[in-house]
Protein chains: 2
Amino acid sequence: MIRATQDNEYVELTSPTQLPKASGFLWNEKMMIHVNCRGYAVAQFMQPEPAKYSYAPNLEAKTFMQPEQPYYAHHPGRFLYVKDEETGEIFSAPYEPVRVLPDQYTFAVGKHHIVWKLEHLGFAVEMTLSLPKDEAMELWRVKVKNLSDRKRKLSIYPYFTVGYMSWMNQSAEYHEELQGMVCSAITPYQKYQDYAKIKQLKDKTFLLADQPPRAWEASQEAFEGEGGIGMPSAVQQEELSKGDARYEMPLCVLQYSLELTPGEDKLYRFIFGPAKTEEEIAQIRQQYFLNAASGSEDGFAAAEREYAGYIQEGKGCIEIKTPDPELDNFVNHWLPRQMYYHGQTNRLTTDPQTRNYLQDNMGMSYIKPQMARNAFLTALSQQNASGAMPDGIILHEAAELKYINQVPHMDHCVWLPICLSTYLDETNDYTILEEEVAFAGGEEMATVYEHINRAMFWLMEATDERGLNYIDQGDWCDPMNMVGYKGKGVSGWLTMASAYAFMIWADICATSGRPEMSRKLAAAADEANVVINQYLWDGNWYARGITDDNVVFGISKDTEGRIFINPQGWALLCGAADASKQEKLMRAVKEQLETPYGLEKLAPSYTAMREDVGRVTQKHPGTAENGAVYNHAAAFYIYALYAVGEPNDAYRLLRKMIPGPDPEDLIRRGQLPVFIPNYYRGAYRQFPRTAGRSSHLFNTGTVPWVYRCLIDGLFGVQGNEEGIRIHPQLPAHWEEASVKRSFRGAELHVAMKREAGVTAVEVYVNGSRIEDGIIKNVEAGRVYDVLVKLPPQ
Amino acid sequence: MIRATQDNEYVELTSPTQLPKASGFLWNEKMMIHVNCRGYAVAQFMQPEPAKYSYAPNLEAKTFMQPEQPYYAHHPGRFLYVKDEETGEIFSAPYEPVRVLPDQYTFAVGKHHIVWKLEHLGFAVEMTLSLPKDEAMELWRVKVKNLSDRKRKLSIYPYFTVGYMSWMNQSAEYHEELQGMVCSAITPYQKYQDYAKIKQLKDKTFLLADQPPRAWEASQEAFEGEGGIGMPSAVQQEELSKGDARYEMPLCVLQYSLELTPGEDKLYRFIFGPAKTEEEIAQIRQQYFLNAASGSEDGFAAAEREYAGYIQEGKGCIEIKTPDPELDNFVNHWLPRQMYYHGQTNRLTTDPQTRNYLQDNMGMSYIKPQMARNAFLTALSQQNASGAMPDGIILHEAAELKYINQVPHMDHCVWLPICLSTYLDETNDYTILEEEVAFAGGEEMATVYEHINRAMFWLMEATDERGLNYIDQGDWCDPMNMVGYKGKGVSGWLTMASAYAFMIWADICATSGRPEMSRKLAAAADEANVVINQYLWDGNWYARGITDDNVVFGISKDTEGRIFINPQGWALLCGAADASKQEKLMRAVKEQLETPYGLEKLAPSYTAMREDVGRVTQKHPGTAENGAVYNHAAAFYIYALYAVGEPNDAYRLLRKMIPGPDPEDLIRRGQLPVFIPNYYRGAYRQFPRTAGRSSHLFNTGTVPWVYRCLIDGLFGVQGNEEGIRIHPQLPAHWEEASVKRSFRGAELHVAMKREAGVTAVEVYVNGSRIEDGIIKNVEAGRVYDVLVKLPPQ
């Protein structure tokens with residue numbers, strides 16, 4: 001059903017109907033495209049706010065990307081109709097819209113391109129999508145081949161949906177001189193004050209071809225006729241009408257008629273994307289199709305090559321080989337790619353939530369630490385002088401805080417030391433603490449050290465008389481918006497997260513020569529842990545919080561939302577839970593939150609509004625925050641399990657994040673193992689039929705935490721101020737593993753093996769035993785051969 | 001192709017493909033539904049803001065209703081799949097989604113119900129839609145009949161689309177005890193402040209059946225399978241799966257399997273609509289299906305009957321018989337119905353634009369004058385004490401000014417006397433002038449007379465040093481938003497409209513015994529007419545306005561937007577144009593603005609942004625305000641033609657508003673003659689291919705003006721303070737016509753005839769000649785036989 005290619009550059013699916021929503025995605029500096037195995041596509045580009053150039057057929061609300069995107073007959077997509085000119089038979093690649101099952105089919109999701117290959121009626125069709133590295137446009141190759149032993153005549157119709165662009169103005173026509181289609185629209189607006197913005201937008205959609213088509217059509221309605229998209233009337237005619245669209249729904253479809261001798265193939269290339277003017281489109285044509293870049297390579301081919309290089313730059317800092325080949329493939333190829341995507345695109349928003357921005361850049365610490373450094377400074381430059389962090393980080397002067405960023409959340413400060421610590425572990429660049437950065441408003445300057453101090457003290461102040469942290473309208477759980485909006489409710493998790501942040505900051509202070517501040521922070525963490533145990537321990541696990549009306553929730557007497565994952569994991573991290581509590585809460589998690597698809601965020605899912613908890617309880621049971629296998633929260637917990645030395649449970653849960661290889665599991669989740677989605681459906685015990693389904697949404701803070709689980713936990717190759725500590729926590733059933741670790745310019749080849757007679761981890765570097773397991777003074781450019789002996793199980 | 005039934009209660013179309021967007025609509029106190037011949041539907045209900053219960057498959061933007069609605073495969077609709085259980089053949093009624101052309105087909109748009117009838121495979125299917133009069137729900141009858149001479153087995157599947165309800169929560173399941181489907185959702189929101197509102201919404205969609213189904217399906221995806229909506233996999237199975245939907249796209253589909261002997265038929269009834277709770281749905285079931293209303297009539301049948309009565313109340317005040325049967329049918333049946341719709345629903349908004357609200361109620365003066373009276377008082381109660389009218393009238397305490405009502409427009413005051421005059425003509429109720437009404441804020445009270453005085457003086461003040469009226473960000477042309485936003489630009493049309501309003505108000509003042517005020521107003525009108533001629537006459541027509549930068553536009557040297565209809569018609573109305581100018585401007589209109597489909601609003605359509613005119617120039621050429629045959633503006637002009645005594649041109653243009661009867665014309669417009677759309681596509685000389693297409697949007701201020709054209713102009717049966725003046729202006733080719741006129745409780749039977757030897761209009765009442773043509777002191781309850789002799793042509 002699925003297979004990874006030998007070089008692990010692709011994950012391939014061999015049927016368009018087994019996992020009908022299986023998908024892959026590409027991105028660059030300006031855009032993102034998410035395509036599925038059947039040909040449907042969701043693309044958006046930044047100008048600077050997210051915009052579309054291929055639209056749904058009715059008006060789309062301007063809102064964030066939705067999980068579990070429903071596909072339907074007129075969903076945006078990229079397709080190729082193929083007509084056998086001798087028999088009149090018609091099918092479409094990759095599968096939609098005609099839905100004829102081809103004889104052979106492959107959907108190959110690669111890192112820098114995505115390929116659909118199919119064979120039908122004696123023709124082979126190959127469609128390949130790539131991107132340039134810094135322009136919003138799609139680069140398509142379409143190859144058709146005659147597989148039969150006789151000459152064949154056919155027409156092919158590359159069909160790029162454009163859809164309902166605007167109610168103000170839309171039209172489309174073929175431009176002979178551009179050799180392509182141009183669709184024009186005006187983004188609707190009503191106030192003249194918006195005109196200045198609208199005026200700048202790239203409101204055109206174009207399709208350029210490298211070869212002149214025989215004919216074209218520009219109106220969706222004219223194209224379809226009574227045949228519909230399943231068997232368009234225009235395709236049934238000999239030739240497309242060469243029509244235009246005038247306030248009709250535009251589309252881009254071309255017709256090429258060709259003859260192929262046995263074994264002959266023919267390649268067509270297309271560029272599809274947004275533009276502001278026809279001049280701009282002409283320049284694109286010039287650059288990509290007309291100018292030779294070097295030798296036989298034109299701009300199109302050069303762009304594909306450059307894009308491959310751009311993606312290649314996003315490789316991670318470990319390459320692993322373990323008894324688990326699916327984990328190897330995922331960790332070596334797909335996990336860093338997904339992390340890189342987050343760091344580079346900021347999720348295609350101009351106002352990322354502060355916690356997302358910091359965590360996404362925590363991940364970039366492993367790939368492009370300089371970008372992470374800049375991001376931390378950007379975030380701090382928007383901190384209030386009081387220490388409070390804003391709800392979102394503005395990345396463009398014209399950007400505004402939108403949607404959820406208009407709702408006050410209380411947790412943003414905790415991510416500063418937590419995310420910065422990863423950057424420090426990886427780079428040892430403590431100079432960042434001395435950087436001078438302004439506060440919001442720009443008047444007052446202070447060092448990063450002072451900024452974070454203020455953030456920590458702000459957290460200490462934002463507590464009630466018991467010392468528990470106020471939740472206001474939410475913390476890391478956005479829609480838990482009615483627990484504390486009256487100003488009294490507190491968050492159990494946030495109190496723990498604050499304590500953990502204090503611990504981390506205490507360590508950084510100690511390391512950077514600030515022992516007094518370090519003691520102060522450590523004391524604050526201890527105090528928090530005391531009240532956590534006093535007010536939140538419920539007997540077998542920790543409560544999630546206490547409402548405005550002083551009702552403790554997330555406890556055993558609740559029938560819904562009885563246990564939340566976050567307070568359990570973070571109680572392990574912040575040190576609140578002693579050994580007995582640790583054991584109890586881990587048992588509760590396993591019994592109540594673990595499912596075949598991972599850990600649920602809370603259980604049982606709420607099935608009705610609980611007004612003293614808020615909007616989360618109105619979300620669909622098992623989705624988003626309401627009882628889903630919310631991988632971000634699960635990753636925290638797994639990280640905590642490594643922190644307290646539970647490698648077997650940690651590994652088992654980690655593996656549940658990656659779909660497959662079991663076919664049943666793949667079908668259930670409906671997703672290829674090329675990214676971790678933000679959630680799998682939960683409510684496993686309440687609604688088992690739908691549990692496990694992927695959200696197909698690849699924007700998630702999960703990925704840097706999974707990477708930290710690997711670096712700090714499973715493979716134990718975490719940096720520190722002295723060098724790198726080697727301390728693997730392999731699961732019991734692994735006899736060995738090896739890791740190639742890039743670290744501060746050096747390369748470590750770490751072999752790990754269980755060996756009879758070994759009782760504790762033994763680390764050897766270039767043959768010599770290192771007692772504390774820390775390789776100190778790692779030198780850039782050097783290669784270290786590291787052997788780790790582990791006790792047998 | 002189309003035909004009116006003998007009683008003119010229906011307009012019928014005999015093919016689903018000739019006019020694929022042909023449609024009809026029903027409404028009641030709570031909702032509106034617009035259905036087309038193929039089964040697609042757009043419905044919304046008020047709670048109090050417009051809401052949906054059958055959604056498009058992706059998120060819909062919350063915006064106003066769009067013209068030229070694009071339909072696509074998954075557009076909301078109401079369908080019936082029919083499967084011949086012996087052969088497995090499947091088709092669907094009325095046509096979508098399977099798109100099998102039936103042997104016989106009729107789409108019959110009635111006044112209080114809409115019927116689709118078809119015959120295929122030896123089955124007859126009849127689907128009938130009606131509404132209750134004051135609840136948001138659809139009442140459906142589905143009848144199947146065996147037309148063949150042998151016993152037949154079949155399954156029918158009533159299929160009511162629900163679509164993508166919400167990303168927060170959506171589910172659906174069959175409820176045995178309700179005998180129906182219930183789909184649940186939560187309207188998305190992010191701020192807890194919105195919860196109080198969200199909490200009140202009817203977020204459920206239900207389908208109730210009068211008979212228990214064999215099976216059902218609640219998930220769109222499960223229903224379609226790989227067959228898609230064109231041939232759903234579930235329908236190809238023997239029995240629907242009885243499944244539910246859990247965060248899957250909900251739908252309501254039931255299966256009934258039946259046997260029919262030759263000639264036998266079977267009737268099923270369904271109710272589809274929104275609800276808040278299951279209890280509410282249970283009550284609906286009780287009321288409509290279980291309780292007997294009277295004798296054999298249950299609540300369902302009673303509701304249908306009551307609805308017919310409700311619509312019947314909306315009849316107009318004239319019934320005509322002329323040499324033009326299409327005009328007769330339209331005027332007797334459809335025009336008052338459309339006018340009634342406007343008056344009763346306020347276009348399904350809680351903040352109608354002030355000018356729309358006043359004009360819609362001008363129309364209600366002919367149907368329910370008491371409602372018109374109340375509306376005028378409501379509007380005036382929101383007038384500012386300065387005399388300025390707000391941009392929209394708030395009809396519900398929770399309503400806000402939205403969309404276009406947030407843009408300041410300058411014309412709202414002019415509609416007060418203009419619309420009130422029709423009410424006074426019709427009712428002679430001058431007591432309204434003495435009603436005390438508060439100004440906005442509620443502190444100051446004043447009579448209606450004083451309110452309108454202030455409005456007139458406000459208009460006189462809102463002028464520049466030349467005496468021309470400022471346009472600010474728009475006047476009756478909403479998107480002409482950049483002519484005067486800097487505070488200098490003026491509107492030619494608005495200056496004329498003000499002059500006309502002054503004249504009207506002068507008349508009302510004179511009639512109501514305020515001669516001094518009357519003289520003042522008349523003088524103001526005269527002054528305005530002087531400056532209009534001084535600054536706006538361009539040699540052959542009047543300019544549209546003068547921009548902030550003192551550029552006169554809408555003139556002969558403009559290459560686009562060279563001539564606008566409104567300044568021409570209103571110059572006729574306000575008396576600015578002398579005989580020579582009248583002749584010139586009428587010639588210019590005929591040459592440059594008249595098309596086979598009516599009068600364009602401006603020509604040539606703008607094809608590019610003109611920044612000193614504004615957004616109108618970015619609208620698609622030939623649509624909406626940019627050069628469309630904008631019927632509202634055309635109706636003003638026709639009214640003006642009657643005012644200056646041009647009955648032939650007026651009639652010719654009037655007829656162009658009604659599609660058909662010529663088949664070519666019907667196909668071009670794509671609309672049945674059951675309503676006048678807000679526009680037909682214009683830009684006839686620029687883009688002839690698409691000119692004439694209907695917008696299919698039936699919200700338009702056109703209709704009361706067309707009625708005024710008939711009452712005040714064509715048939716000349718306009719009321720005044722003495723009684724009713726009989727002064728027809730029949731087109732030259734009409735030899736006779738008759739009108740039954742209801743007027744102030746009396747009934748006039750007016751026969752009009754050309755007669756040799758007659759040189760001017762001669763009016764006879766019950767046999768006696770009336771010299772001035774005014775029937776005075778009309779007595780309620782009496783019937784007047786009126787004969788009008790007209791000169792021969």
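Residues numbered from 1 in each chain as written. Chains lettered and ligands numbered in written order. Predicted model: local features only at pLDDT ≥ 70, side-chain atom pairs only at ≥ 80, totals over all residues. Heavy atoms only, no water.

A. Local environment of the overall build of chain A. Regarding its fold elements, chain A presents 18 helices and 42 strands. Relative to the compact-globule value of 28 Å for 793 residues, chain A shows a C-alpha radius of gyration of 28 Å, a close match. With the principal axes as the frame, chain A shows a C-alpha extent of 80 × 65 × 50 Å. A buried classification covers 65% of the 793 residues belonging to chain A. Sequence separation of 24 or more characterises 68% of the internal contacts of chain A that already satisfy a separation of 6 or more. For chain A, the computed accessible surface area is about 26,400 Å², with 47% contributed by carbon and sulfur atoms. Charge-centre separation for chain A: the mean point of 78 positive side chains lies 2 Å from the mean point of 103 negative side chains. (Helix = DSSP H or I, 4+ residues; strand = E, 2+ residues; numbered from the N terminus. Rg over C-alpha atoms; globule rule 2.2 N^0.38 Å. Buried < 20%, exposed > 50% of the residue type's maximum accessible area, 1.4 Å probe, protein only. Contact = heavy atoms within 4.5 Å. Areas by Shrake-Rupley, 256 points an atom, 1.4 Å probe, with all protein chains shown as cover. Lys, Arg positive; Asp, Glu negative; His and termini not counted. Charge placed at Lys NZ, Arg CZ, Asp CG, Glu CD.)

B. How the structure looks around the sheet that holds strand β36 (residues 723-726) of chain A. Residue and element names in this part refer to chain A. One open sheet accounts for three strands, arranged β35-β36-β41; its pairing is antiparallel. Both outer strands of the open sheet, β35 (717-719) and β41 (774-776), are each paired with one neighbouring strand and no more. For this sheet, the mean angle separating the axes of adjacent strands, direction not counted, is 25 degrees. (Pairing = 2+ DSSP bridges. Axes fitted to C-alpha atoms, helices over the stretch in contact; angles between N-to-C directions.)

C. Inspection of the packing of helix α11 (residues 492-511) of chain A against helix α13 (residues 565-574) of chain A at higher detail. All names here are of chain A. Across the interface, α11 lies against α13 with an axial gap of 9 Å and an inter-helix angle of 25 degrees. As judged from the angle between their axes, α11 and α13 are roughly parallel. Between α11 and α13 the crossing geometry is left-handed. The segment α11 lies against α13, with Trp 493, Met 496, Ala 497, Ala 499, Tyr 500 and Met 503 engaging Asn 566, Pro 567, Trp 570, Ala 571, Leu 573 and Cys 574. Considered class by class, the residues forming the contact of α11 with α13 number eleven nonpolar, one polar and no charged. (Parallel < 35°, antiparallel > 145°, perpendicular 65-115°, else oblique. Left-handed = near helix turned anticlockwise from the far one by under 90°. Nonpolar A, V, L, I, M, F, W, Y, C, P; charged D, E, K, R; others polar.)

D. View of the sheet that holds strand β16 (residues 204-209) of chain A. All names here are of chain A. Read from one edge of the open sheet, eleven strands run β1-β2-β9-β10-β11-β12-β20-β16-β15-β14-β18, paired in antiparallel fashion. This sheet does not close on itself; its edge strands, each paired only once, are β1 (2-4) and β18 (245-246). Summarising the sheet, strand β10 (residues 114-120) and strand β11 (residues 123-130) pair through seven bridges and their orientation is antiparallel. Residue His 120 lies in a different strand from β11, and its bridge partner there is Phe 123. Sitting on the sheet, helix α4 (residues 278-290) is in contact with β12 (138-146), β14 (170-175), β15 (180-185), β16 and β20 (265-275), with an inclination near 30 degrees to β16.

E. The arrangement of the environment of B:Arg669 in detail. All names here are of chain B. Tracing the sequence through the fold places Arg 669 in helix α17 (residues 663-669). In sequence terms Arg 669 and Pro 659 are ten residues apart; their C-alpha atoms lie 6.7 Å from each other. Within polar-contact distance, the side chain of Arg 669 engages the backbone oxygen of Lys 656 at 2.6 Å. (Polar contact = N/O pair within 3.5 Å; in protein donor to acceptor, adjacent residues only side chain to side chain.)

F. Focus on the relation of the copies chain A and chain B. Least-squares fitting of chain A to chain B yields an RMSD of 0.0 Å, with the superposition described by an axial translation of 0.0 Å and a rotation of 180 degrees. Such a combination of rotation and displacement between the chain copies is what one expects of a two-fold axis. When you check the interface residues of chain A against chain B, 100% turn up at the interface there too, and the contact is symmetric in its surfaces. (Least-squares fit on C-alpha atoms with pLDDT ≥ 70 in both.)

G. Looking closely at the environment of B:Val11. Residues and elements named next belong to chain B. For Val 11, the position within the fold is in strand β2 (residues 10-13). Accessibility expressed as a relative area gives 2% for Val 11, which makes it buried. Sequence-distant contacts of Val 11, that is, excluding residues within four places in its chain, are made with Ile 2, Arg 3, Ala 4, Phe 107, Ala 108, Val 109, Asn 329, Trp 334, Leu 672, Pro 673 and Val 674.

H. Expanded view of the pairing of strand β23 (residues 318-321) of chain A. All names here are of chain A. Residues Ile 318 and Ile 320 point to one face of β23 and are all buried, whereas Glu 319 and Lys 321, pointing to the other face, are not buried. Both β23 and strand β37 (residues 736-743) contribute to a ladder of four bridges, which runs antiparallel. In the strand pairing of β37, Lys 321 is matched with Ser 738.

I. Spatial organisation of the UniProt feature "domain: Glycosyl hydrolase 94 catalytic" (unreviewed entry) in chain A. Under the present numbering, the feature "domain: Glycosyl hydrolase 94 catalytic" (unreviewed entry) in UniProt falls on residues 318-716 of chain A. A helix fraction of 45% and a strand fraction of 7% characterise residues 318-716 of chain A, whose end C-alpha atoms lie 11 Å from each other. (UniProt positions renumbered as here; feature names shortened; annotations may be inferred.)

J. Structural context of unusual backbone geometry. Across the junction of A:Glu96 and A:Pro97, the peptide omega takes the value -10 degrees, indicating a cis bond. Inspection of the secondary structure puts A:Pro97 in the loop between β8 (90-93) and β9 (104-110). A cis amide bond links B:Ala93 with the next residue in sequence, B:Pro94, at an omega value of -5 degrees. Along the chain, B:Pro94 falls in the loop between β8 (90-93) and β9 (104-110). Although it is not a glycine, B:Asn766 sits at a positive phi angle of roughly 45 degrees. Its place among the elements puts B:Asn766 in the loop between β39 (762-765) and β40 (768-770). Residue classification places B:Asn766 among the partly exposed positions, given a relative accessible area of 40%.

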